[in-house]
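Single-letter residue listing:
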Amino acid sequence: MSTAITVDGVSKRFRLYKERNQSLKAALMRGRRASYEEFWALRDVSFEIPTGSTFGLIGENGSGKSTLLKCIARILQPDNGRVSVNGSMAALLELGSGFHPELSGRENVYLNGSILGMKKPEIDRKFDSIVDFAGIEQFIDQPVKNYSSGMYVRLGFSVAINIDPDVLLVDEVLAVGDAMFQEKCMEKFAEFRRAGKTVVIVSHAMGSMRSLCDNVAWLKHGELIEVGPSNDVVDTYVDEGHVERVESPDGSARWGSGEAQLTSIEMLDARGEPTTRAHTGDQVTFRMHFDTTKPIDKPVFGLALETVEGTYVWGHHSRDGNLVPDRIEGRGSIDLVVPALPLQTNTYDLNASIVDYTTTHTYDFRRACYRFDVLNGTPHESGGLVVLGGRWGHLTAASPEPASNTTTIPSGATAPSTRK
Amino acid sequence: MINLTQREIKGKYKRTVLGQAWSLVNPIAIMAMYAVVFAFVLKARPEAGDPSGLDVFALWLASALLPWMFFNNVVVTGMGSIVGNANLIQKVYFPRETLVLSNSMSWLFTFAIEMAVLVLATLLFGGEPLLTLPVTIVLMALLAAFATGIAFLLAVANVYFRDTQHFVGIAMQLWFYATPIVYPVSLVADAHPTIATIYRINPMERFSEAFRNTMYDGRLPSLGTMAYVVVVSLGVLCLGYVVFRRREGRLAEEL
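Residues numbered from 1 in each chain as written. Chains lettered and ligands numbered in written order. Predicted model: local features only at pLDDT ≥ 70, side-chain atom pairs only at ≥ 80, totals over all residues. Heavy atoms only, no water.

1. Let's talk about the sheet that holds strand E11 (residues 260-268) of chain A
All names here are of chain A.
No. 1: In space, the three strands of this open sheet follow the order E11-E13-E18, with antiparallel pairing throughout. The outermost strands of the open sheet, each flanked by one partner alone, are E11 and strand E18 (332-338). Taking each pair of neighbouring strands and ignoring which way they run, the sheet shows an average axis angle of 20 degrees. (Pairing = 2+ DSSP bridges. Helix = DSSP H or I, 4+ residues; strand = E, 2+ residues; numbered from the N terminus. Axes fitted to C-alpha atoms, helices over the stretch in contact; angles between N-to-C directions.)

Rendered as structure tokens:
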């Protein structure tokens, strides 16, 4: 198989200016341009991308993915090493950059197209499909400064994707526009791949990287950690990123008057051991430890669950649960026992609170104070957040075939996929 | 490149009532001002055109002022074209020199219209700029090359030192008065031989003289002047281009 892109020992150094002398005076007075520290954004990165494959670049923020992409796109020059690209190339780094706000959409299509390397007759030919793809026929003769941001980006994407290059570089721009436009983009990508073109994608969306890419390179602090088939590399990458949950993840918030405090919250499994993982159908206990600075009359304890995406799943407080002590003082704890966890596979955050009997005054509220994962268990249902324990049955059909002849569909095979 | 030039031309006067007419109104207004100040207030009296016999201060002024304004525009806006298009440079790959070149082209377009108007006006007053018109056109091309070369150099310098643009504003003023545009060259040339020699190193002085010869006097510039102008223009353009190409690759990160 031929190679579309060869990255050979590429290193890129940036200068971190301590004090940027952008004035002549400052430069003359110091006798040199500026003092700076060197920072290697990329160090000796080498790999090859075969023609017709889709290649992903993954890594944490600041790992050098975008720098590498810019080196491939020839926007930056590597300090060492070489990048060679076979065939024409287009980069989708920022959409609609180079649009002139005062010019109309039509003029900007020509302008942007020619900046990206298209000849005028070529743009003439593709003009209709560009406008059609962006879905802004009505506004094509309006100045682009009057466009909504979505229209702006859509037009930019549409111009870029219609260049029809041999190699397409994409940096996190898959997430533009509304759902319908995104679908159109994905179709266009698929079309691209079918046509045997090479695509290089930078993204943090691991799910789409897995399904889109054939091969993936993993960068960490500018160094290449692993290149290989996307599933393997993405798995190792995700594994490394997933450490055992800490009790108080970032983004937790806390407020309240403080006379009573929630000192810790934990989830216990059936054996009474603290855990951050549970299976559907397991017995779990949520235990809240508290401490008070003065006696509290008739406190109400509350627990609520949200998914990491922020969907409110469940909530329950002890007043509704008919357990309201007359008074608490000092240290103590209270349990909420769930006999069989009716949640599907996902990651959940626990919110915990102590409030007064009227539930209007908050002593302590801890948001997202405990995060846990739910893994597949019994019962196993196809998708969504909750397990209803539903059973299929009583099939009545007009068909003469007896019901026993229907094939059993393995659960989960045709239903919407579970959320990861 | 052509599209970028069009963008410059179209974008420049977008949303103005007069549109492209501004590109003519502007020089006419400046010319009128200088004409009043220098011809009536300061009583500057250039010699009549030889051999054309023209004696119209405005035409005399315009034949050197229009080239100067073109030069000034190309240098000043060309210098800012890299910094001004930072977003484009950091996001899209294309040969960066097109930014400077298309800027020059758009001004050359305006300059050509202005010169055409000047040719008509000169004809109206009885001058004979038509015979020497081919030389004028060659001179325009050379001036464009000279200005673009300087614009290349300053565009790069401006990326590294942003105060280049402020410095250049003053330098251009100085240069303007060091060039015989609003006063006749004889004023300096007759003063002192050494000063005159140094004075004549200035390529814009040669350009002014050459343009005045072809447009106002209706004769060919001296061979020495033409040779000097050709060498300096092409030399500066080459130097500017080489420096620009050498720095081009690093522009995206230095911006």
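Having seen the structure, we can now continue with the description.
2. Let's talk about the sheet that holds strand E3 (residues 54-58) of chain A
Residue and element names in this part refer to chain A.
No. 1: A sheet is described by the order of its strands in space; here six strands give the open sequence E5-E6-E7-E3-E8-E9, paired in mixed fashion. Only two strands of the sheet have a single neighbouring strand rather than two, namely strand E5 (89-92) and strand E9 (223-229). Ignoring strand direction, the axes of neighbouring strands in this sheet form an average angle of 15 degrees.
No. 2: Relative to E9, strand E8 (residues 215-220) runs antiparallel, the two sharing six bridges. Along E9, the bridge assignment pairs Trp218 with Glu226.
No. 3: Contacts between helix H2 (residues 65-72) and the sheet are confined to E3, E5, strand E6 (167-171), strand E7 (198-202) and E8, with E6 contributing the most and set at about 150 degrees to the helix. (Contact = heavy atoms within 4.5 Å.)

3. A look at the confidence of the model for chain A
No. 1: Considering every residue of chain A, the mean pLDDT works out to 80; 84% of them sit at 70 or more.
No. 2: Considering only residues more than four positions removed or in separate chains, one finds that residues 411-420 of chain A, a stretch of pLDDT under 50, has 15 contacts. (pLDDT = per-residue confidence, 0-100.)

4. A few points about a nonpolar patch on the surface
No. 1: Taken together, the side chains of Val36(B), Val37(B), Phe40(B), Val41(B) and Leu42(B) define a hydrophobic patch exposed on the protein surface, amounting to about 490 Å² of accessible area.
No. 2: Along the polypeptide, Phe40(B) turns up in helix H2 (residues 22-41). (Patch = residues over 30% accessible without salt bridge, like charges linked within 9 Å, V, L, I, M, F, W, Y side chains within 5 Å. Areas by Shrake-Rupley, 256 points an atom, 1.4 Å probe, with all protein chains shown as cover. Salt bridge = Lys/Arg side-chain N within 4 Å of Asp/Glu carboxyl O.)

5. Here we look at the packing of helix H4 (residues 120-134) of chain A against helix H5 (residues 149-161) of chain A
Residues and elements named next belong to chain A.
No. 1: Where H4 contacts H5, the two axes come as close as 8 Å, and the packing angle between them is 140 degrees. When the interaxial angle is binned, H4 and H5 end up oblique. Remark: the crossing between H4 and H5 carries right-handed chirality. Residues Ser129, Ile130, Phe133 and Ala134 of H4 form the contact with H5, whose participating residues are Arg154, Leu155, Phe157, Ser158, Val159 and Ile161.
No. 2: Looking at the contact of H4 with H5 residue by residue, the class counts come to seven nonpolar, two polar and one charged. (Parallel < 35°, antiparallel > 145°, perpendicular 65-115°, else oblique. Left-handed = near helix turned anticlockwise from the far one by under 90°. Nonpolar A, V, L, I, M, F, W, Y, C, P; charged D, E, K, R; others polar.)

6. Remarks on empty space enclosed by the protein
Residue and element names in this part refer to chain A.
No. 1: Across all of its chains, the model carries two cavities of 30 Å³ or more by this definition.
No. 2: For the second largest cavity, the calculated volume is near 30 Å³.
No. 3: In this structure, the second largest cavity is lined by Thr280, Gln344, Thr345, Asn376, Pro379, His380, Glu381 and Val387.
No. 4: A breakdown of the residues in the lining of the second largest cavity according to their chemical character gives two nonpolar, five polar and one charged. (1 Å grid on protein atoms, 1.4 Å probe; cavity = no way out; pocket = protein on both sides within 12 Å on 5 of 7 lines; lining within 4 Å. Points joined across faces, edges and corners; volume = space filled by probe spheres on them.)

7. Brief notes about the pairing of E8(A)
Residue and element names in this part refer to chain A.
No. 1: In the sheet, E3 pairs with E8 via four bridges, with the strands oriented parallel. The residue of E8 that forms the bridge with Leu57 is Ala217.
No. 2: Linking E8 back to E9 in an antiparallel pair, the connection comprises two residues, with His221 at a positive phi of about 45 degrees.

8. Describing the packing of aromatic side chains
No. 1: The full count for this structure, using the stated rule, is 21 aromatic pairs over all chains.
No. 2: Relative to Trp175(B), the ring of Trp68(B) has its centre 6.2 Å away and its plane inclined at 70 degrees; by these criteria the two rings are edge-to-face. With a gap of 107 residues between them, Trp68(B) in helix H3 (residues 57-84) and Trp175(B) in helix H7 (residues 164-177) connect regions that are remote in the sequence.
No. 3: Given the relative accessible area of 5%, Trp68(B) is considered buried.
No. 4: Residues Phe152(B) and Phe244(B) carry aromatic rings whose centres are separated by 4.9 Å and whose planes lie at 45 degrees to one another, so their mutual orientation is tilted. Remark: Phe244(B) occurs in helix H11 (residues 223-248) and Phe152(B) occurs in helix H6 (residues 133-160); sequence separation between them is 92 residues. Phe244(B) matches Phe152(B) in its accessibility class, with the two residues each being buried.
No. 5: Here Lys188(A) stacks its cationic end above the ring of Phe133(A), 5.6 Å away from the centre of that ring.
No. 6: Stacked on the ring of Tyr357(A), the Lys or Arg Lys298(A) has its end atom at 5.2 Å from the ring centre. (Phe/Tyr/Trp six-rings, centres within 6.5 Å; stacked < 30°, edge-to-face > 60°. Buried < 20%, exposed > 50% of the residue type's maximum accessible area, 1.4 Å probe, protein only. Lys NZ or Arg CZ within 6 Å of the ring centre and 35° of its normal.)

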